[in-house]
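Understanding the architecture of this molecule
So you can see what is in the structure, the chains are spelled out below.
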Amino acid sequence: MTTLPVDNPMNVDESPDTRAPLIIGHESFDTVTAEICRVNEAKKPPRAWYIAMAMSVSLLGLLGCMVGYLIFTGVGVWGNNNPVMWGFPIVNFVFWVGIGHAGTLISAILFLFRQKWRTSINRFAEAMTIFAVICAGLFPGIHIGRVWLAYWLFPIPNQMDMWPQFRSPLLWDVFAVSTYFTVSLLFWYVGLIPDLATLRDRATSKIKAFSYGLFSLGWRGSMRHWHRYERAYLLLAALATPLVLSVHSVVSFDFAVSQLPGWHTTIFPPYFVAGAIFSGFAMVLTLAIPARELWGLKNFITLRHLENMAKIVLLTGSMVGYAYGMEFFIAWYSGELYESFAFVNRAFGQYAWAYWIMVSCNVITPQIFWFKACRRNIWVLFVASLFVNIGMWFERFVITVTSLAQDFLPSSWGWYEPTWVDFVTFLGSFGLFMTLFLLFIRYLPVLAIAEIKAIMPAADPHAHDHDEEAHE
Amino acid sequence: MSTAPTPNDTLWGLAAVFDTPAKIMHAAKATRERGFRWFDCHTPFPVHGLDFAMGVSYTILPILVFFGGLTGTCLAIFLQTFTNSFELDIWALVPVVGYQFEVSGKPLISTPAFVPVAFELTVLLSALTTVFGMFVLNKLPCLYHPVLKSTQLKRITDDRFVLVIEAGDPEFVMEDATDFLRSLDPESIVELEA
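Values in this document were obtained by computation on a predicted structure and should not be read as measured data.

Details of the overall build of chain A
The helix and strand inventory of chain A stands at 17 helices and zero strands. Along the longest, intermediate and shortest principal axes, the C-alpha atoms of chain A span 85 × 55 × 45 Å. Among the 472 residues that make up chain A, the fraction classed as buried is 57%. Across chain A, contacts joining residues at least 24 apart in sequence account for 81% of those joining residues at least 6 apart.

Given below as structure tokens:
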């Protein structure tokens, strides 16, 4: 397999009379299959994969140790204490759920809007979503204290005749996140089936043919199957679109339904959703930029794709900035003493450093994407996406901790300080995320092969008819 | 044209291999016009409009999904009112008892509070119906199929477009079918064993 040359300086030429190509360097379907499958079929992955894997597995091991330590000792190993009972675990939960939003946004909402460029990034954005939601699910799970009773979260009939409290936003969260995980997994798997069949048919060893064959369910590309498949995919997209908007809204209810100043605001659902999409796209950029370099996927994930994502980061970043401003405005405009205090305290109180990290990363950083030169510079994109990830973590920290640390009664004010266990657990969750992601890159098709073929000009069944029709 | 087809007992169907979407589109239309019904096209990706050119009728999947979603909504409403609003004892049916949750003077049937879970379960059951309904209608997982068995049709999932006429078609006569497929100018014709 030869790598096709990348010309047309990375697919960024602007020409108003022609549509930009969605992928470059490929005329035939065969080369697309070969170039994408090469990632999985290579005898050995690049050395960077081994290095990344070693680091990720080490972090994953650390996570295991920390969770074990927590379970055997108790939640006292964390910094959570009165009045800040929600420390790192909830911050990390919201952070990871937020990251998990880009995948379904790309696969569902951009699909409904017929943004065909999504085909180059949807597969691994969806994978990223699933792994991020796994990381997110971990934190509330271990935060409940008695981990062995985690099944109390679900309405399971039991000898105590006890049921969960459905008026609590925390229970809505259980349903929202588990539904989101299930639907994202289904969406991802349905998309994978034809591509797993491709890998099955190209497999050189019995084990590969068997395992890819098992998971491709005997897909044979029948047009009668494709008909129902396409309908199912469209339905899933239509279902996932309100779902993706609802998940972070429900997460925001955890805060907004309470009475605490700084949390009890109606702007929270849209503000959280914008923030989630913002952080999700930043994470897609963080992962896509090294991945396309290492596995030579530049023909598919062109600079134009990265530029489009940068534009979405700019848009959602500005929405988040607007929400920060509006929170302050309403706090002042409402004349509410506690609400005003909460916000002044955020910006100038004991956690002001966290607040200003958040503002500079989330509001100021994305503004560089107004400039074409920044949107098209790989290094600028990569560094900015890291800043956004950091900023979005701090956003959740600021929201969670400042409101709890200093609410109504000065006598119950406090100061939250995370312990080393908090930090290592958070770091370890990146190990879990990256381990899953690296395994995915190695063993599953990283790009949606069938979908990419379907958007190529050669896929048009009437490609040669136009001239004839013109003469008729 | 690689093989000269000869009739045999284990013949399941005849496959004609094409290399462009336009050719399979033309072939599918011609096959349908010729009167064949037990035929299928196998393609690496959904070729736009090919399903309707083949005469595939619109799938009932959306209707199934609607009822799946409706089940989800009803289930969620039942679940929440049973577990939180009434002390219903349905021991005679299943050994569970409901619980009357009285929290901060909120109404027993707290409709707004029950909306998120109702929404989530609607979406969840709709999505499950979509995917598993699609599997059932498509008869997946399919552990064995003559098209999968053939070693010459491995490129269906890569870049080849294959039209298969089953030998079971009432119109199927070996010689005629072969001649007909030849007339479509395929890359090759493959006999499929059952």
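Quick look at the overall build of chain B
Looking only at helices and strands, chain B has six helices and four strands in total. Counting from the amino terminus, helix and strand elements in chain B follow one another as β-α-β-α-α-α-α-β-α-β. Across the 194 residues in chain B, those meeting the buried criterion constitute 51%. For chain B, long-range pairs separated by at least 24 residues make up 75% of all intrachain contacts whose partners lie at least 6 apart in sequence. Just so you have it, chain B exposes about 9,400 Å², and 64% of that area is on carbon and sulfur atoms. Within chain B, one finds 12 positive and 21 negative side-chain charges whose respective centroids are separated by 5 Å.

Details of the nonpolar core
Ranked by size, the top nonpolar core spans 184 residues in total, and within it Trp96 and Phe440 of chain A carry the most contacts. Taken domain by domain, this core gets at least three of its residues from each of domain 1 (11-44 + 159-193) and domain 2 (61-137) of chain B. If you look at the next biggest cluster of nonpolar residues, it comprises 15 residues, including Val250 of chain A together with Ala113, Val117 and Ala118 of chain B.

Things to note about helix α3 (residues 88-99) of chain A
Residues and elements named next belong to chain A. Its twelve residues place the ends of α3 16 Å apart at the C-alpha level, agreeing with the 16 Å of an ideal helix rising 1.5 Å per residue. Counting buried positions along α3 yields twelve of twelve residues, so the element is predominantly enclosed. Phe88, Pro89, Ile90, Val91, Asn92, Phe93, Val94, Phe95, Trp96, Val97, Gly98 and Ile99 are the residues of α3 that are buried.

As for the pattern of salt bridges
The final tally for this structure, using the stated rule, is 17 salt bridges over all chains. Residues joined by salt bridges that share partners form a network here, namely Arg155, Asp159, Arg160 and Glu187 of chain B.

Re the interface of chain A and chain B
Counting from both sides, the interface comprises 56 residues of chain A and, opposite them, 74 residues of chain B. Here chain A meets chain B over a buried area of about 5,800 Å², counting both sides, of which 68% is carbon and sulfur. On inspection of chain A and its partner chain B, the count reaches two salt bridges. For Asp201 of chain A, the salt bridge goes to Lys154 of chain B, with nearest N and O atoms at 4.0 Å. Connecting chain A to chain B are 29 residue pairs in polar contact (both at pLDDT 80 or more). In terms of residue count, the dominant contributor to the side of chain A that touches chain B is helix α8 (residues 223-256) of chain A (17 residues). Here the side of chain A that touches chain B is composed, by residue class, of 32 nonpolar, 13 polar and eleven charged.

Thoughts on the packing of α3 of chain A against helix α14 (residues 378-405) of chain A
Residues and elements named next belong to chain A. Axis separation between α3 and α14 bottoms out at 9 Å; the angle between their running directions is 135°. As far as their axial angle goes, α14 and α3 are oblique. The way α3 lies across α14 gives a crossing that is right-handed. Residues Phe88, Val91, Asn92, Val94, Phe95, Gly98 and Ile99 of α3 touch α14, and the partners they reach there are Asn389, Met392, Trp393, Arg396, Phe397 and Thr400. The residue makeup of the contact of α3 with α14, split by class, is eight nonpolar, four polar and one charged.

Topic: the environment of Ile109 of chain A
Residue and element names in this part refer to chain A. With respect to the helices and strands, the residue Ile109 is situated in helix α4 (residues 101-112). Residues Ile109 and Ala238, spaced 129 residues apart in sequence, show a C-alpha to C-alpha distance of 8.0 Å. Excluding its chain neighbours within four sequence positions, the residues that come into contact with Ile109 are Thr104, Thr241, Val244 and Leu245.

Points about a nonpolar patch on the surface
On the surface, Ile144, Tyr151, Trp152, Leu153, Phe154, Ile156, Met160 and Met162 of chain A cluster together into a nonpolar patch covering about 690 Å² of accessible area. Relative to the helices and strands, Tyr151 of chain A is located in the loop between α5 (122-143) and α6 (169-202).

Description of the packing of aromatic side chains
Under the counting rule described, the total for this entry stands at 65 aromatic pairs over all chains. Note on Trp332 of chain A and Tyr333 of chain A: the rings are 6.2 Å apart at their centroids and 45° apart in plane angle, and the pair reads as tilted. Judged on exposure class, the residue Trp332 of chain A and its partner Tyr333 of chain A are both exposed. For the pair Trp393 of chain A and Phe397 of chain A, a centre-to-centre distance of 5.6 Å together with 20° between the ring planes defines the contact as stacked. With Trp393 of chain A and Phe397 of chain A both in helix α14 and four residues apart, the pair spans about one turn of that helix. One exposure class covers both Trp393 of chain A and Phe397 of chain A, and it is buried. Geometry around Tyr443 of chain A places Arg442 of chain A over its ring, the cationic atom sitting 5.9 Å from the centre. Positioned over the ring face of Phe180 of chain B is Arg34 of chain B, at 5.5 Å from the centre of the ring.

Digging into the side chain of Thr129 of chain A
Along the chain, Thr129 of chain A falls in helix α5. Apart from the residues lying within four places of it in its own chain, the contact partners of Thr129 of chain A are Gly100, Ala102, Gly103, Thr104, Tyr180 and Ser184 of chain A.

Comments concerning the packing of α8 of chain A against helix α3 (residues 61-84) of chain B
To describe two helices that pack against each other, one gives the angle between their axes and the distance between the axes. Contact geometry of α8 of chain A with α3 of chain B gives a least axis separation of 10 Å together with a crossing angle of 35°. For the pair α8 of chain A and α3 of chain B, the sense of crossing is right-handed. On α3 of chain B, the residues that touch Arg228, Arg231, Ala232 and Leu235 of chain A of α8 of chain A are Leu61, Pro62 and Val65 of chain B. Tallied by class, residues from the contact of α8 of chain A with α3 of chain B come to five nonpolar, no polar and two charged.

Examining the environment of Gly275 of chain A
Residue and element names in this part refer to chain A. When you line up the elements, Gly275 lands in helix α9 (residues 268-294). Sequence separation between Gly275 and Ser168 is 107 residues; the distance between their C-alpha atoms is 23 Å. For Gly275, the contacting residues outside a window of four places in its chain are Val320, Met392 and Arg396.

Quick word on the side chain of Ser110 of chain B
Within the secondary structure, Ser110 of chain B is located in the loop between α3 and α4 (111-137). One polar contact links the side chain of Ser110 of chain B to the main-chain carbonyl oxygen of Pro107 of chain B, over a distance of 2.6 Å.

Considerations on the environment of Gly35 of chain B
Within the secondary structure, Gly35 of chain B is located in the loop between α1 (21-34) and β2 (39-42). For Gly35 of chain B and Glu171 of chain B, which are 136 residues apart along the polypeptide, the C-alpha to C-alpha distance reads 6.9 Å.

A few points about the sheet that holds strand β1 (residues 11-18) of chain B
Backbone-to-backbone hydrogen bonds pair the strands of a sheet. The strands run either parallel or antiparallel. All names here are of chain B. With antiparallel pairing, four strands are arranged side by side in an open sheet as β2-β3-β1-β4. In this open sheet, the two edge strands, each paired with only one partner strand, are β2 and β4 (188-193). Pairwise comparison of adjacent strand axes, ignoring direction, gives a mean angle of 25° for this sheet. Here β1 runs beside β4; their pairing, made up of six bridges, is antiparallel. Among the inter-strand pairings, Gly13 is bridged to a residue of β4, identified as Leu192.

Some remarks on the pairing of β2 of chain B
Residues and elements named next belong to chain B. Neither face of β2 is left uncovered, since the one carrying Phe39 and Cys41 and the one carrying Asp40 and His42 both have all their residues buried. Here β2 pairs with strand β3 (residues 161-166) via four bridges, running antiparallel. From the neighbouring strand, Phe39 faces β3, where its bridge partner is Ile165.

Quick notes on the rules
Every residue gets a number counted from 1 within its own chain, in the order that chain's sequence is written. Just so you know, chain letters begin at A and ligand numbers begin at 1, following the order they were written in. Local features in this predicted model are restricted to residues whose pLDDT is 70 or higher, and side-chain atom pairs enter the listing and the counts only when it is 80 or higher, whereas totals over whole chains, interfaces and linings include all residues. To obtain the side-chain values, all non-hydrogen atoms of the structure were used and water was disregarded. Under the scheme used here, helices are H or I runs from DSSP no shorter than 4 residues and strands are E runs no shorter than 2 residues, and both carry numbers assigned from the N terminus. Relative accessibility under 20% of the residue-type maximum defines a buried residue, over 50% an exposed one, and the middle range a partly exposed one, all with a 1.4 Å probe and only protein chains included. Should any heavy atoms of two residues lie within 4.5 Å, those residues are considered in contact. Accessible surface is estimated by sampling points in the Shrake-Rupley manner with a 1.4 Å probe; for residues, cover comes only from the protein chains shown. A residue counts as positive if it is Lys or Arg and as negative if it is Asp or Glu; His and the chain ends are not included. Where a charge lies is defined by one atom per residue type, namely NZ (Lys), CZ (Arg), CG (Asp) and CD (Glu). In plain words, nonpolar cores are sets of buried Ala, Val, Leu, Ile, Met, Phe, Trp, Tyr and Cys residues tied together by side-chain atoms within 4.5 Å. As annotated, the domain borders come from an automatic or database domain assignment. Working rule for helices: expected span equals 1.5 Å times residues minus one. Counted as salt bridges are all cases of a side-chain nitrogen of Lys or Arg within 4 Å of a carboxyl oxygen of Asp or Glu. Here's the idea: put two parts together, see how much 1.4 Å probe accessible area each one loses, and the total over both is what we call buried area. Between N or O atoms, a polar contact is any pair within 3.5 Å; within protein, one atom must be a potential hydrogen donor and the other a potential acceptor, and residues adjacent in sequence are included only when both atoms are from side chains. When residue character is reported, Ala, Val, Leu, Ile, Met, Phe, Trp, Tyr, Cys and Pro are called nonpolar, Asp, Glu, Lys and Arg charged, and the others, Gly included, polar. Interaxial angle, 0 to 180 degrees, is taken between N-to-C directions of lines fitted to C-alpha atoms, where a helix line uses only the stretch in contact. Oblique is the label for any angle not under 35 degrees, not over 145, and not in the 65 to 115 range, which are roughly parallel, roughly antiparallel and roughly perpendicular in turn. For any helix crossing, the convention is left-handed if the near helix is rotated counterclockwise from the far helix by under a right angle, and right-handed if that rotation is clockwise. Any residue with relative accessible area above 30% and no salt bridge may belong to a patch, with like charges joined within 9 Å and the nonpolar Val, Leu, Ile, Met, Phe, Trp and Tyr side chains within 5 Å. Pairing of aromatic rings covers Phe, Tyr and Trp, the last counted by its six-membered ring, and requires centre-to-centre distances within 6.5 Å; plane angles under 30 degrees mean stacked, over 60 mean edge-to-face, and any other angle means tilted. Lysine and arginine charges are scored as sitting over a ring when NZ or CZ, respectively, is within 6 Å of the ring centre and within 35 degrees of the ring normal. In this scheme, strands are said to pair when DSSP sees at least two bridges between them.

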